[in-house]
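The lines below spell out each chain.
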Amino acid sequence: MNGDLVVLAFIALALLALFTYMFYRDLSNRPKSKPAEVYTVIKCGDGAERKRKYQEGDYVGKQTQDCPGGIVVGIYKEVPQE
């Protein structure tokens, strides 16, 4: 009876070690993801649209000095394609 428990414990530990190895091997093979960039879209008074990097404090509806009559109309995140 005691021998059966030892064998069962050994098998359980071996399976745990195998699954742990497979998990970490998979993580190391994944390509490193590039950080996403956040952009602000500004609509100028003449109807033209501009895109610039997000600045702290930007929000939709905010008036900007980037162009005459400029107002923030959108904020979005761009994730680089692999």
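Residues numbered from 1 in each chain as written. Predicted model: local features only at pLDDT ≥ 70, side-chain atom pairs only at ≥ 80, totals over all residues. Heavy atoms only, no water.

**Things to note about the UniProt feature "transmembrane region" (unreviewed entry) in the protein**
Basically, it comes down to this: UniProt positions are given in the numbering used here, feature names are shortened, and annotations may be inferred rather than shown by experiment. For the purposes of this entry, the term helix denotes a DSSP run of H or I that reaches at least four residues, the term strand denotes a run of E that reaches at least two, and both are numbered from the N terminus.
According to UniProt, the positions carrying the feature "transmembrane region" (unreviewed entry) are residues 6-24. End C-alpha to end C-alpha, residues 6-24 measures 27 Å, and it is 100% helix and 0% strand.

**Structural notes on the state of the cysteines**
What counts is decided by this rule: Any pair of cysteine sulfurs within 2.5 Å is marked as a disulfide.
With the rule as written, the count across this model stands at one disulfide. What pairs with Cys 44 in a disulfide is Cys 67, and their sulfur atoms sit 2.1 Å apart. What sets the handedness of the Cys 44 and Cys 67 disulfide is the S-S torsion sign, and at about -105° it is left-handed. Separated by 23 residues along the polypeptide, Cys 44 in the loop between strand S1 (37-43) and strand S2 (49-53) and Cys 67 in the loop between strand S3 (63-64) and strand S4 (70-78) bring together distant segments of the chain.

**Focus on the domain arrangement of the protein**
Our working rule: Where each domain starts and ends comes from a domain assignment, either automatic or drawn from a database.
Along its sequence, the protein is carved into domain 1 (1-29) and domain 2 (36-75). A straight line from the C-alpha centre of domain 1 to that of domain 2 covers 55 Å.

**Regarding the sheet that holds S2**
As a reminder of what qualifies: Strand pairing is defined by DSSP finding a minimum of two bridges between the two strands.
With antiparallel pairing, four strands are arranged side by side in an open sheet as S2-S1-S4-S3. Lying at the two open borders of the sheet, with one neighbouring strand each, are S2 and S3. As defined by bridge partners, S1 adjoins S4 across seven bridges and the pair is classed as antiparallel. The residue bridging Ile 42 from the neighbouring strand is Val 72, located in S4.

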